[in-house]
Amino acid sequence: MDSTDPVRQLDAVVVGAGFSGLYMLHRLRRLGYDTQVFDAASDVGGTWWWNRYPGARCDIESMDYSYSFDPDLEQEWEWSERYATQPEILAYANHVADRYDLRRDIQFGTRVTSAVWQTDPGRWLVTTDRGQRLSARFCIMAVGCLSAAKRPEIDGIDSFAGPEYHTGEWPHDGVDFTGLRVGVIGTGSSGIQSIPLIAEQASELVVFQRTPNYAQPARNAPLDPGFVAARKADYRRHRELARTETHGGVVIPAPEASALDVGDEEREQLLRERWEAGTLFGLLSSYNDVMVDADANAKVAEFVHDRIRDIVDDPAVAEKLVPTSYPFGTKRVCLDTGYYATFNRANVTLVDLQETPIEQIVPEGVRTTEKVHELDALVFATGFDAMTGALLRPDIVGAGGVLLRDKWSAGPRTYLGLATAGFPNLFMITGPGSPSVMTNMMVSIEQHVDWIADCLAAMEEHGHAVIEAEPDAEDAWVAHVNELAGFTLYPRAASWYMGANVPGKPRVFMPYIGGVGPYRQVCDSVAADGYRGFSLGPAGSRATPEAVRA
Ligand code: FAD
Ligand code: N01
């Protein structure tokens, strides 16, 4: 393909074929749009195509972590476990792609490298790493919040003599660690899920921990057929509750009491119930002030500290695993299966990088200030350039030649996490400024896709070709997102929510913390009010907001 080849004309380009891109394509088809989806992966599934490390599974219950848009789909699919494994979730994504015949509009193994807005005729010129050029009325970024894998900035990283793996780019034919000395760098969710299983295979496992993380047992188990039947009988109502509830898109009773207003015994009992229940939001939503009051938070943190001390035999190792440098929940809590108990194994060593930082990766292994840890294989469970990484990798050029990367140099700026001023007809699914990673992502994805599809339908109805977030509306939304975050304890942690895991990335709390129900109400009211905060108009122009209200 060269630059003289004809530019393919489309209604929409969708970047990404994970759960966001798949459902977006389905909705665009129903609008009759000629759509092309691209994904760098060789098949559908996004997160679940890339993250094939041992132990990878969801931390939202399978029956919730699934699409709700088609009652027949949710009735026919059978999840086998409370928290499905990566292969099962990937099989589900494949089932969805087959069921709705989606693959014929998806080109795999293709990375979108740029998207340039052309004011006249009001279209996006999209290019790929295969040299293709496409012209589309709309460009929809379904690129994922956690899809730009990040290797650590460590001297000598390429000098290691053995194989290196990143959890987010795991080999498809698996890795056999039998008899090997393995090092894992990173103790976030990916490390916490994979470490127990790697420990079972490896002859020795060295875990390099920079910051200890909070984990609670998932209590995973095969799904009880009686539970499944009851949920399926009530699925519609349950889904509606998840969509409208005030927290993370899972049905959980809203807490009424403060952690400080109850006695020690009563609090201990509730926290134990939540610990035993094994749900992601159980401890976080045990009391109404856990995430806003440092003293209340400390009560929950202390409870978990004691559980770690109960599980880990060696008190010195237990203390290293106890997180004390940030409030409970301000880094994403992990659901684990046997994580802390793994440190009771004779073949597992915990290296506390606060005490003995890594100096260099060397051919034989990892050199800390204490010694060289000799290794045969190295695993980077070091996470992602979250929320903005995949959006900023391609060159996205808006009106007036402004690069999105430049516009967001001090942090992402969006209106509702759906659009950004100066980039007409560009939508983001679960973009920064939306609830996204604070929630059951399936709920947030469906809400965004539905909102975008409804918006496009409304534009058709009113004869509009161009939609763009207004700078004032964006400024107000960014201020609101920051203000809400400022009421909470979240900004107190050096988390990936804050961009803190990427050197040089601006420290801004990126997700919207107001909850999926209230957020949905805002988005719905914006639409009902003629797309308040957006300007709409014919191609080649920027109309006043009144245009759509007329
Ligand atoms: P993704 O699944 O990330 O898909 C984005 C796709 O876009 C990728 O396939 C990528 O290759 C493609 N892409 C990106 N840029 C380009 C480009 N320039 N050109 C071409 N293709 C591109 N969320 C939950 O709610 N519950 C969970 O239990 C849960 N578990 C998770 C476990 C792991 C290990 C991880 C990493 C994340 C987890 N998440 C979970 C978050 C998860 O990312 C979302 O739930 C969801 O899968 C995101 O879907 P998506 O389609 O928006 O993005
Ligand atoms: O990534 P992370 P993740 N030297 O960023 C450490 C979702 N998810 O892939 O905390 C040494 O959380 C880093 O240390 P620190 C979920 O939303 C869900 O584990 O920055 N260490 C940290 O310990 C999750 O939150 C599941 O000090 C370095 C780790 O690497 C998100 O994806 C499973 C380092 C990275 O943790 C990301 O999770 C997996 C360095 N140079 C993922 N650089 C489920 O359970 C980084 N680290 C559903």
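Residues numbered from 1 in each chain as written. Chains lettered and ligands numbered in written order. Predicted model: local features only at pLDDT ≥ 70, side-chain atom pairs only at ≥ 80, totals over all residues. Heavy atoms only, no water.

Q: Any details on the overall build of the protein chain? Residues and values, ideally.
A: The helix and strand tally for the protein chain stands at 17 helices and 20 strands. The C-alpha radius of gyration computed for the protein chain amounts to 24 Å, which stays within 12% of the reference 24 Å derived for 550 residues, consistent with globular compactness. Every one of the 550 residues in the protein chain was classed for burial, and the buried ones make up 60%. Considering only residue pairs separated by 6 or more positions, the protein chain has 71% of its internal contacts joining residues 24 or more positions apart. Of the roughly 21,200 Å² of accessible surface on the protein chain, a fraction of 50% belongs to carbon and sulfur atoms. The averaged location of the 76 negative side-chain charges in the protein chain is 2 Å from the averaged location of its 49 positive side-chain charges. (Helix = DSSP H or I, 4+ residues; strand = E, 2+ residues; numbered from the N terminus. Rg over C-alpha atoms; globule rule 2.2 N^0.38 Å. Buried < 20%, exposed > 50% of the residue type's maximum accessible area, 1.4 Å probe, protein only. Contact = heavy atoms within 4.5 Å. Areas by Shrake-Rupley, 256 points an atom, 1.4 Å probe, with all protein chains shown as cover. Lys, Arg positive; Asp, Glu negative; His and termini not counted. Charge placed at Lys NZ, Arg CZ, Asp CG, Glu CD.)

Q: Hey, could you go over the sheet that holds strand β8 (residues 181–185) for me, with residue numbers and the actual values?
A: Taken in spatial order, the five strands make up an open sheet running β7-β16-β8-β9-β12, and their pairing is parallel. A strand with exactly one partner marks an edge of an open sheet, and here the two such strands are β7 (164–166) and β12 (348–352). Taken pair by pair, the neighbouring strands of this sheet meet at an average axis angle of 20°, ignoring direction. Pairing analysis gives five bridges linking strand β9 (residues 204–209) to β12, with the strands arranged parallel. Bridge pairing in β12 links Q209 to D352. (Pairing = 2+ DSSP bridges. Axes fitted to C-alpha atoms, helices over the stretch in contact; angles between N-to-C directions.)

Q: Tell me about the nonpolar core, residues and numbers included.
A: By size, the foremost hydrophobic cluster in this structure holds 141 residues, and its most contacted members are F19, Y67, F328, W451 and F534. In terms of residue count, the dominant contributor to this core is helix α14 (residues 441–462) (eleven residues). Each of domain 1 (8–148 + 386–547) and domain 2 (164–380) gives at least three residues to this core. The residues contacting W451, other than those within four sequence positions of it, are L418, F427, C523, D524, V526, A527, Y531 and F534. In this structure, V112, W117, F423 and L426 belong to the second largest nonpolar core, which totals 24 residues. (Core = buried A, V, L, I, M, F, W, Y, C linked by side-chain atoms within 4.5 Å. Domains from an automatic or database assignment.)

Q: I'd like to hear about the packing of aromatic side chains, residue by residue, with values.
A: Summed over all chains, the structure comprises 34 aromatic pairs. Where Y490 meets F509, the ring centres are 5.4 Å apart and the plane angle is 40°; that geometry is what we call tilted. Highlighted residues: Y490 in the loop between α15 (471–486) and α16 (516–528) and F509 in the loop between α15 and α16, separated in sequence by 19 residues. The same class applies to Y490 and to F509, which are both buried. Here the guanidinium or amino end of R52 rests over the ring plane of W49, the centre of that ring lying 5.4 Å away. Above the ring of Y326, the side-chain terminus of K331 is found at 5.6 Å from the ring centroid. (Phe/Tyr/Trp six-rings, centres within 6.5 Å; stacked < 30°, edge-to-face > 60°. Lys NZ or Arg CZ within 6 Å of the ring centre and 35° of its normal.)

Q: Tell me what's going on with the confidence of the model for the protein chain, and back it up with residues and numbers.
A: Mean pLDDT over the protein chain stands at 95; residues scoring 70 or higher make up 97%. Note that pLDDT drops below 50 for residues 542–550; the model gives that stretch 19 contacts with residues more than four away or on any other chain. (pLDDT = per-residue confidence, 0-100.)

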